[in-house]
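One-letter residues, chain by chain:
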Amino acid sequence: MHIVGVGGSVRAGSSTEQLVGTVLAAVEERSGARTRLFGGPELAEFTPYDPRAPLAPGAKAFVEAVREADAVVIGSPAYHGSVSGLVKNALDHLEELRDDVRPYLDGRPVGLVTTAHGWQAAVNTLTALRGITHSLRGWPTPLGIAANVAVSGPEHFASPPLHNRVIELGRQLTAFPGGRSIEVSR
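Remember, it's a predicted structure, so these values are computed and weren't measured experimentally.

Definitions and cut-offs
Residues numbered from 1 in each chain as written. Predicted model: local features only at pLDDT ≥ 70, side-chain atom pairs only at ≥ 80, totals over all residues. Heavy atoms only, no water. Phe/Tyr/Trp six-rings, centres within 6.5 Å; stacked < 30°, edge-to-face > 60°. Helix = DSSP H or I, 4+ residues; strand = E, 2+ residues; numbered from the N terminus. Buried < 20%, exposed > 50% of the residue type's maximum accessible area, 1.4 Å probe, protein only. Core = buried A, V, L, I, M, F, W, Y, C linked by side-chain atoms within 4.5 Å. Contact = heavy atoms within 4.5 Å. Polar contact = N/O pair within 3.5 Å; in protein donor to acceptor, adjacent residues only side chain to side chain.

So, the packing of aromatic side chains
Going through the model one piece at a time under the given rule, you end up with 2 aromatic pairs. On the basis of an interplanar angle of 75° and a centroid distance of 5.2 Å, the ring pair of phenylalanine 38 and phenylalanine 62 is categorised as edge-to-face. Here phenylalanine 38, found in strand 2 (residues 34-39), pairs with phenylalanine 62, found in helix 3 (residues 57-68); they are 24 residues apart in sequence, far enough to count as distant. Across the pair, phenylalanine 62 and phenylalanine 38 agree in class, each one buried.

Structure follows, in structure tokens:
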């Protein structure tokens, strides 16, 4: 299994990037999945998405990694109560998958995590990511993680309550039935 993580801010090692990395590490440890994280500094090198322009090398690597992924973890800091422009631009680049046999995030489980300095912003951002994931035809895992970093810093990611949610999110990502299309009779 191959899982791609995306998220963070322009600051290397941001709380969002750390939380996405924590989920990926938990999945690797428990399932042996291969993972790849596209953190904030990498995302900052993407040019604004333009479907008429060639992709920058980093954006092309991201699109190819998602194309091959069995699952995806998306994380965003809350910026004014919603998804950051940096993360949204990365997700806009998935328009390059529109003509694939498996377009966008179709048939893939998608774990969602957010960080914010307050519960309202963290939860609003998680809700926004669910809507974006549905628009990209992905399957958001039942569990999403909203972390209030104002309560405690990134060291909170190792606390038993949050650690247990990270483990459960990883289990949900790897328990998804293979991303196969289900034929619905009419």
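Regarding the nonpolar core
One finds Phe62, Val66, Ile74, Leu91, Leu94 and Leu105 to be the most contacted residues of the largest nonpolar core, which totals 32 residues. Elements represented by at least two residues in this core include exactly strand 1 (2-7), helix 3, strand 3 (71-79), helix 4 (85-92), strand 5 (109-116) and helix 5 (119-135). In terms of residue count, helix 3 provides more of this core than any other element does, 5 residues in total. Ignoring sequence-local partners within four residues, the contact set of phenylalanine 62 consists of Val6, Phe38, Phe46, Ala90 and Leu94. Formed by 19 residues, the second largest nonpolar core is a distinct cluster that contains Ala26, Val27, Leu162 and Leu173.

Notes on the side chain of threonine 125
Checked against the element boundaries, threonine 125 lands in helix 5. Within the local environment of threonine 125, its side chain forms a polar contact with the backbone oxygen of alanine 121, the two atoms lying 2.8 Å apart. If we skip the residues at most four places from it in the chain, threonine 125 touches Ser76, Pro77, Ala78, Gly81, Ser82, Val83 and Thr114.

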